[in-house]
Amino acid sequence: MSRRRTPLAALAVACLTLVVPATAHADTYSPGSAGLGDPYFPHAGNGGYDVEHYDLKLRFNPKTDVLSGTATITATATKNLSRFNLDFSGLTVRKVEVNGKKATFRRKGQELTVTPAAGPADEAKFTVSVQYDGKPKPVNDPELGVTGWIHTKDGATALGEPDGARTWFPVNDNPKDKATFAYTVSVPVGLTVLANGEPRNTGIVRVRNGWSSVKWEMREPMAPYLAMVAIGKFKVTQGTAAGVPNITAYDPVLAKTSKYLHRTTAKATEWGVKHFGPYPFSSTGGIADKVDVGYALETQGRPVYDGDVSDDLLIVHELAHQWFGNSVGPQTWRDIWLNEGFATYAEWLYEETHNGPTAKQTFAKLYKSKGEFWQLKTGNPGRNGMFDWEAVYQRGAMTLQALRQKIGDETFFELLPAWTEKHRHGTANTRDFIDLAEEMSGLDLDPLFNAWLYKAAKPKL
Ligand code: TRP
Ligand code: ZN
């Protein structure tokens, strides 16, 4: 059966569908959409399928900056697909196959459109493999900074929040579509490769023509923006924390902070378990590298720190994201306060439980802030305001303190682990959080959340 239709014929089919949906549907193949309707990143992700797994085989030469890769994506169609999109920027695509058969492709902006010889039927599992190479270029957003494949002095490190993943692999780059990841990374002998999850090596390191390869695996579902690979001259420390491996690494030029990072990562992971519930991933850790982006990122199971780490609270913040943001992911980028407000509140709580100021005191100090502090909406800060330190991080944490004062310590400290348990390895939105808080407290909390999240004005106490 021909799946290529003129627009008129497609229209006829569409009309027919309305009249006799059951029979017409089986024959109707249509394109997947080029975005998933994220309010801040409309092109992020694609419609018509759901990814289960990314298998990324990468080869990187730091001398030439050339990355070659084969990405094999396992997905399930959510409708009959005549074609579908992936997010992919830069890099040259050499070959695309769907279910092992050659497919044609087109590129436009960040969209890679794949037209298979035979489109996957609704609910069918399929694989798409993309062969590519080139010199990756990071995304440099004037408001949100640098993300993507970042070339460093001794290698490269990939960071993806919010939309940098597409610079190094073809991806359904939307926080809603979590998947497991496997990486096989080949680099010149002498360099170390780290990534999310755990190393999966046979014990025999094969060296061919001066290259060796390493496997890492993230076995828990992960949003693509949290995918991370770090290549360079790292010193690696291995231990355990909260019953899982703790793998940290640092660039030797940052040696001063090394032991500190490992110890504090263990301490913060264990502290998190006490307040937020079971640690969600199979390992913890951290990487200190000179990435020069000006921020740390909570890459799943193993955050990346930019340069010297000498701040307990930064480590606490990134590890708190493992529960808030990573395991319980935001459904859209508008919900970013569910990541940043919670991770910032974790810092306040850590201070409170380590002889510092109480969260109540921190709140009281910030409540005196004037002017700009209150001018963005924490629950909808806008694309360019999504990492606003005051509106999203601090006012987000203040929202949680206001909630704690309203519902009381007992309910509040049951709510945090209930939240991480309810949405473990999933995604959630602000309404879900309000609903759970109302259910557990028996109070109407809409007025409180409306004032704190959705008004560009200082809430009354
Ligand atoms: N999510 C990171 C954190 O808070 C911060 C971050 C990522 C960021 N990208 C950014 C901050 C861009 C400012 C600009 O741990
Ligand atoms: Zn954060």
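What you are looking at is a predicted structure, and each value in this text was computed from that prediction instead of being measured.

About the cut-offs
Residues numbered from 1 in each chain as written. Chains lettered and ligands numbered in written order. Predicted model: local features only at pLDDT ≥ 70, side-chain atom pairs only at ≥ 80, totals over all residues. Heavy atoms only, no water. Helix = DSSP H or I, 4+ residues; strand = E, 2+ residues; numbered from the N terminus. Rg over C-alpha atoms; globule rule 2.2 N^0.38 Å. Areas by Shrake-Rupley, 256 points an atom, 1.4 Å probe, with all protein chains shown as cover. Lys, Arg positive; Asp, Glu negative; His and termini not counted. Charge placed at Lys NZ, Arg CZ, Asp CG, Glu CD. Near = heavy atom within 4 Å. Polar contact = N/O pair within 3.5 Å; in protein donor to acceptor, adjacent residues only side chain to side chain. Nonpolar A, V, L, I, M, F, W, Y, C, P; charged D, E, K, R; others polar. Pairing = 2+ DSSP bridges. Axes fitted to C-alpha atoms, helices over the stretch in contact; angles between N-to-C directions. Contact = heavy atoms within 4.5 Å. Buried < 20%, exposed > 50% of the residue type's maximum accessible area, 1.4 Å probe, protein only.

Caption draft 1: Geometry of the overall build of the protein. Along its length, the protein carries 10 helices and 23 strands. For 461 residues, the compact-globule estimate of 2.2 N^0.38 gives 23 Å, and the C-alpha radius of gyration of the protein, at 23 Å, lies within 12% of that figure. Taken along the three principal axes of its C-alpha coordinates, the protein extends 70 × 65 × 40 Å. Accessible surface, the protein: about 19,600 Å² in total, of which carbon and sulfur atoms supply 52%. Charge separation in the protein, taken as the distance between the mean sites of 52 positive and 50 negative side-chain charges, equals 6 Å.

Caption draft 2: Spotlight on the site of ligand 1. Inspection of the region around ligand 1 gives Leu-144, Glu-161, Tyr-295, Ala-296, Leu-297, Glu-298, His-317, Glu-318, His-321, Glu-340, Phe-387 and Tyr-393 as its neighbouring residues. The side chain of Glu-298 places a nitrogen or oxygen atom 3.0 Å from a nitrogen atom of ligand 1. Isolated, ligand 1 exposes 370 Å² of accessible area, and the fraction of that covered by the protein chains is 85%. Here the shell around ligand 1 gets 3 residues from one element, more than from any other, and that element is helix H4 (residues 312–323). The residue inventory of the shell around ligand 1, partitioned by class, reads 6 nonpolar, 2 polar and 4 charged.

Caption draft 3: How the structure looks around the sheet that holds strand S6 (residues 104–108). Read across the sheet, 3 strands follow the order S3-S7-S6 without closing on themselves; strand pairing throughout is antiparallel. A single partner strand is all that each edge strand has here, and the edge strands are strand S3 (84–87) and S6. Shown here is a sheet whose adjacent strand axes are inclined to one another by a mean of 25 degrees, direction ignored. Here 5 bridges tie S6 to strand S7 (residues 111–115), and the two strands are oriented antiparallel to one another. The partner of Phe-105 across the bridge, within S7, is Val-114.

Caption draft 4: Main features of the sheet that holds strand S20 (residues 284–289). A sheet is described by the order of its strands in space; here 4 strands give the open sequence S18-S19-S20-S21, paired in mixed fashion. What marks the edges here is a single partner per strand, and that holds for strand S18 (235–241) and strand S21 (304–306). When strand polarity is set aside, the average angle formed by the axes of neighbouring strands in this sheet is 20 degrees. Of the pairings in the sheet, the one linking S18 to strand S19 (residues 244–250) comprises 7 bridges and is antiparallel in character. If you follow Val-236 over to S19, its bridge partner there is Ala-249. Along the sheet face, helix H3 (residues 258–276) touches S18, S19, S20 and S21 and points at about 150 degrees away from the line of S19.

Caption draft 5: Focus on the side chain of Thr-378. Its place among the elements puts Thr-378 in the loop between helix H6 (359–367) and helix H7 (389–407). Classification of Thr-378 by relative accessible area gives buried; the value is 0%. Within the local environment of Thr-378, its side chain forms a polar contact with the backbone oxygen of Ala-391, the two atoms lying 2.7 Å apart. With residues up to four places along the chain from it excluded, the contact list for Thr-378 reads Trp-337, Ala-391, Val-392, Arg-395, Gly-396, Trp-452 and Leu-453.

Caption draft 6: Molecular detail of unusual backbone geometry. At the junction of Glu-161 and Pro-162, the peptide bond is cis and its omega measures out at 0 degrees in the coordinates. Note that Pro-162 resides in the loop between strand S11 (155–159) and strand S12 (179–188). One non-glycine residue, Asn-355, lies in positive phi territory at about 65 degrees. Looking at where Asn-355 falls in the secondary structure, it is placed in the loop between helix H5 (337–352) and H6. A positive phi angle, close to 60 degrees, is found at His-425, a residue other than glycine. Relative to the helices and strands, His-425 is located in the loop between helix H8 (409–422) and strand S23 (426–428). On the basis of relative accessible area, His-425 is assigned to the partly exposed category, the value being 22%.

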